[in-house]
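# Coordinate analysis (summary)
One letter stands for each residue in the lines below.
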Amino acid sequence: MSVNLPNLLTIFRIVLIPLYLYVFFSEFPYHVEIALGILILAGVTDVADGYIARKHKLVTTIGMMLDPLADKLMMLAVIASLFLTDRISVWAALFFFVRDLAMIVTGAVYHFRGKKTVPANAYGKLTTVLLYLVIPLVMYRYEYSEAILWSVIAFSFIASAIYLAKARLLNRV
């Protein structure tokens, strides 16, 4: 594995996942605020690793695979925590899980079959930004937060369809 700063930041994001879960489910004061801070830190490192990788030409194959995996694993952990604390419905969680797990499996299948993977596109990045914006609303149980989450989930399915279409086009023989 190519160990460079962007890849280290991606690995750091993966390490933040169990920390987020531990803090979110803890009983100490301000646990939701601290968990949200960890999530924001993950978002900032996501932006930083992509910027550094592109600016300094440190983009690696492993980074292209680990970066979206880190994003999806963090979001799956967040969605699970929101579901387990009755902040979102089972249906919202299920749609989110199915979509992200399908993207992870599809990416792994493409990778292990030697197929080309498509770098994250603007729709996927926008989906991530929208999720980071709606999650605090859901965490604090603001009115209509789940409706807003549903709109982001719907958009994420559109972004996934575009991504998969591009991957199929890229790998046509």
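Note on numbering: residues in each chain are counted from 1, in written sequence order. Residues qualify for local features only when their pLDDT is at least 70, as the model is predicted, and side-chain atom pairs are given and counted only at 80 or more; totals for whole chains, interfaces and linings, by contrast, use all residues. For the side-chain quantities, the full set of heavy atoms in the structure was used; hydrogens and water were omitted.

Along its 18 residues, helix α5 (residues 122-139) runs 26 Å from first to last C-alpha, staying within 8% of the 26 Å computed at 1.5 Å per residue. For every residue, the accessible area (1.4 Å probe, protein chains only) is compared with the maximum for its type, and the residue is labelled buried under 20%, exposed over 50%, or partly exposed between those bounds. Helix and strand labels come from DSSP, where a helix needs a run of H or I of at least four residues and a strand needs a run of E of at least two; each type is numbered from the N terminus. The set of residues buried in α5 consists of Thr127, Leu131, Tyr132, Val134, Ile135, Val138 and Met139. N or O atoms within 3.5 Å of each other form a polar contact, as long as, within protein, one can give a hydrogen and the other can take it, and as long as residues adjacent in sequence are counted only when both atoms are side-chain atoms. For α5, the side-chain oxygen to backbone nitrogen distance between the N-cap and Tyr123 is 3.0 Å, and the N-cap itself is Asn121. With its phi angle positive at about 60 degrees, Arg141 sits one or two positions after the end of α5. Multiplying 1.5 Å by the helix residue count minus one yields the expected span of that helix.

Attention shifts here to the domain arrangement of the chain. All the domain ranges listed were derived from an automatic or database domain assignment. Assigned domains within the chain: domain 1 (1-84) and domain 2 (87-172). Spacing between the C-alpha centres of domain 1 and domain 2 amounts to 16 Å. Between two residues, a contact is recorded if the distance between any of their heavy atoms is within 4.5 Å. Taken together, the 21 residues of domain 1 in the interface contact 22 residues of domain 2. Here the buried area means the combined drop in accessible surface, using a 1.4 Å probe, for two parts upon being joined, counting both sides. Here domain 1 packs against domain 2, burying approximately 2,200 Å² in sum over the two surfaces, 81% of which is carbon and sulfur. Take a side-chain nitrogen of Lys or Arg and a carboxyl oxygen of Asp or Glu: if they are within 4 Å of each other, that pair is a salt bridge. Linking domain 1 with domain 2 are zero salt bridges, by the criterion used here. For the pair domain 1 and domain 2, the number of links is four residue pairs in polar contact (both at pLDDT 80 or more). Each residue gets one of three labels, nonpolar for Ala, Val, Leu, Ile, Met, Phe, Trp, Tyr, Cys and Pro, charged for Asp, Glu, Lys and Arg, and polar for the others, Gly among them. Here the side of domain 1 that touches domain 2 is composed, by residue class, of 16 nonpolar, one polar and four charged.

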